[in-house]
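One-letter residues, chain by chain:
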Amino acid sequence: MTGFLGQLGQKLAERWLTLLVLPGALYLAAAACARALGQTHPVAVSRISGRITTWSHSRTAATTAGQVLLLAGILAGAAAAGLAAQALGSAIERGVLAADWGQWPFPARNLAARRTASRRARWEAVHKEYSDLYRAAARPGATVTDEDRDRRLATWHGRTRIAAERPQRPTWSGDRINAAAVRLKRDRHLEIGTLWPHLWLTMPETTRTQITDARQDLTRATALGGWAALYAALTWWWWPAAVLAAVLATVARHRIRAATDTYATLLEAAARLHTGELAAALGVSDADSTGAESGDVVMSLLKPLPPPLAGD
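Owing to the predicted nature of the structure, the values given are computational and were not obtained by experimental measurement.

Asker: Describe in detail the nonpolar core, supporting the description with residues and values.
Answerer: Nonpolar side chains in soluble globular proteins generally cluster together in the buried interior. Ranked by internal contacts, the top residues of the largest apolar core, which has 26 residues, are Leu-195, Trp-196, Leu-199 and Ile-211. Counting only elements with at least two residues in this core, the list comes to helix H4 (64-97), helix H7 (172-188), helix H8 (192-202), helix H9 (205-233), helix H10 (241-281) and helix H11 (292-302). Counting residues per element, this core draws most heavily on H10, which supplies nine residues. Setting aside its immediate chain neighbours within four residues, Leu-195 contacts Leu-190, Ala-271, Thr-275, Leu-278, Val-298, Met-299 and Leu-302.

If you want it as structure tokens, here you go:
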């Protein structure tokens, strides 16, 4: 037990250092540059060296106790900045996935509704074009050229860039997660919200580890967006921080999309692969574990009965 607790403490310390302290220390350094340089001398490196020299000769930095207090303050400030970035990342994650956008406050809800309608209109237009091309190619006796195939493939990619399925959320990432639920409902009659807690308990440990890692990648990607927001706040005092914020926001957007796609793919794959094991655990042994009928049986066993009517 002592060895386990020691190893656990070491891992927690490593995560605290890598996720909070080191990024927070970089942010504090940027904030110090913003204070020392300001908008009038944004790239004057000599001013930074002069300010560091002044700080190093101060009474606080000259004593051991002062150095300890200074180090403790830096660590505390870095950790606080890291926690702030994670909190902003959680808000960004909620906005990016937009699972509950219909319950957002009035202005945000209306903007999300208009964006969802716009994305849905664009998707349906491209989907109609793709459907026409597909039907034309599947028509008996039709001559399909390489140019026709390329056009149909380009149209398919254009539709996927908007959303994998008919848009129901205002963001690509939100629709990517929702696409897994839509496909499982359409193909296997499985409702992921009801199915997932029970499926999670029956999946192998390796599968759960992969899904957990993918979910953590998504959390880290949105936390990077939180850091971008913090750096953007420094532009009020130091405009080069806008460059850092723009770079971090661009990287965060790419990582959020990649992590969301991986996470959604693993969710759908796990549901398709392991629902048969869940069905066997529920005593459904004679149903086809890959068909829609099995999905109906499994869902009927998982859904709780509604409360009895008043007076019954």
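Asker: Break down the packing of helix H5 (residues 106-138) against helix H6 (residues 146-162) for me, with residues and values.
Answerer: For the pair H5 and H6, interaxial distance at closest approach is 9 Å and the crossing angle is 155°. Considering the angle they form, H5 stands roughly antiparallel to H6. Here H5 runs over H6; the crossing is left-handed. Residues Arg-119, Arg-122, Trp-123, Val-126, His-127, Glu-129, Tyr-130, Leu-133, Tyr-134 and Ala-137 of H5 form the contact with H6, whose participating residues are Arg-151, Arg-152, Thr-155, Trp-156, Gly-158, Arg-159 and Ile-162. Its residues assigned to classes, the contact of H5 with H6 shows eight nonpolar, three polar and six charged.

Asker: Describe the environment of Leu-224, with residues and values.
Answerer: For Leu-224, the location among the structural elements is in helix H9. Through-space distance from the C-alpha of Leu-224 to that of Leu-248 is 6.7 Å; in sequence the pair is 24 residues apart. The contact partners of Leu-224, leaving out residues within four places of it in the chain, are Leu-248, Val-251, Ala-252 and Arg-255.

Asker: How would you sum up unusual backbone geometry? Please name residues and give values.
Answerer: With a phi angle near 50°, Ala-98 is a residue other than glycine that sits in the positive phi range. Here Ala-98 is to be found in the loop between H4 and H5. Owing to a relative accessible area of 0%, Ala-98 belongs among the buried residues under this scheme. The backbone phi angle of His-189 is positive, close to 60°, even though this residue is not glycine. With respect to the helices and strands, His-189 occurs in the loop between H7 and H8. Since its relative accessible area comes to 31%, His-189 is described here as partly exposed.

Asker: Now, about the pattern of salt bridges: what can you tell me, with residues and values included?
Answerer: Counted by the stated rule, this structure contains 19 salt bridges. Between Arg-183 and Glu-165 there is a salt bridge, with the nearest N and O atoms lying 3.1 Å from each other. Of this pair, Arg-183 sits in helix H7 while Glu-165 sits in the loop between H6 and H7, and the two are 18 residues apart along the sequence. Note that Arg-272 and Asp-187 form a salt bridge whose closest N and O atoms lie 2.8 Å from each other. Remark: Asp-187 occurs in helix H7 and Arg-272 occurs in helix H10; sequence separation between them is 85 residues. Judged by relative accessible area, Asp-187 falls into the partly exposed class, the value being 28%.

Thresholds applied
Residues numbered from 1 in each chain as written. Predicted model: local features only at pLDDT ≥ 70, side-chain atom pairs only at ≥ 80, totals over all residues. Heavy atoms only, no water. Core = buried A, V, L, I, M, F, W, Y, C linked by side-chain atoms within 4.5 Å. Buried < 20%, exposed > 50% of the residue type's maximum accessible area, 1.4 Å probe, protein only. Helix = DSSP H or I, 4+ residues; strand = E, 2+ residues; numbered from the N terminus. Contact = heavy atoms within 4.5 Å. Axes fitted to C-alpha atoms, helices over the stretch in contact; angles between N-to-C directions. Parallel < 35°, antiparallel > 145°, perpendicular 65-115°, else oblique. Left-handed = near helix turned anticlockwise from the far one by under 90°. Nonpolar A, V, L, I, M, F, W, Y, C, P; charged D, E, K, R; others polar. Salt bridge = Lys/Arg side-chain N within 4 Å of Asp/Glu carboxyl O.

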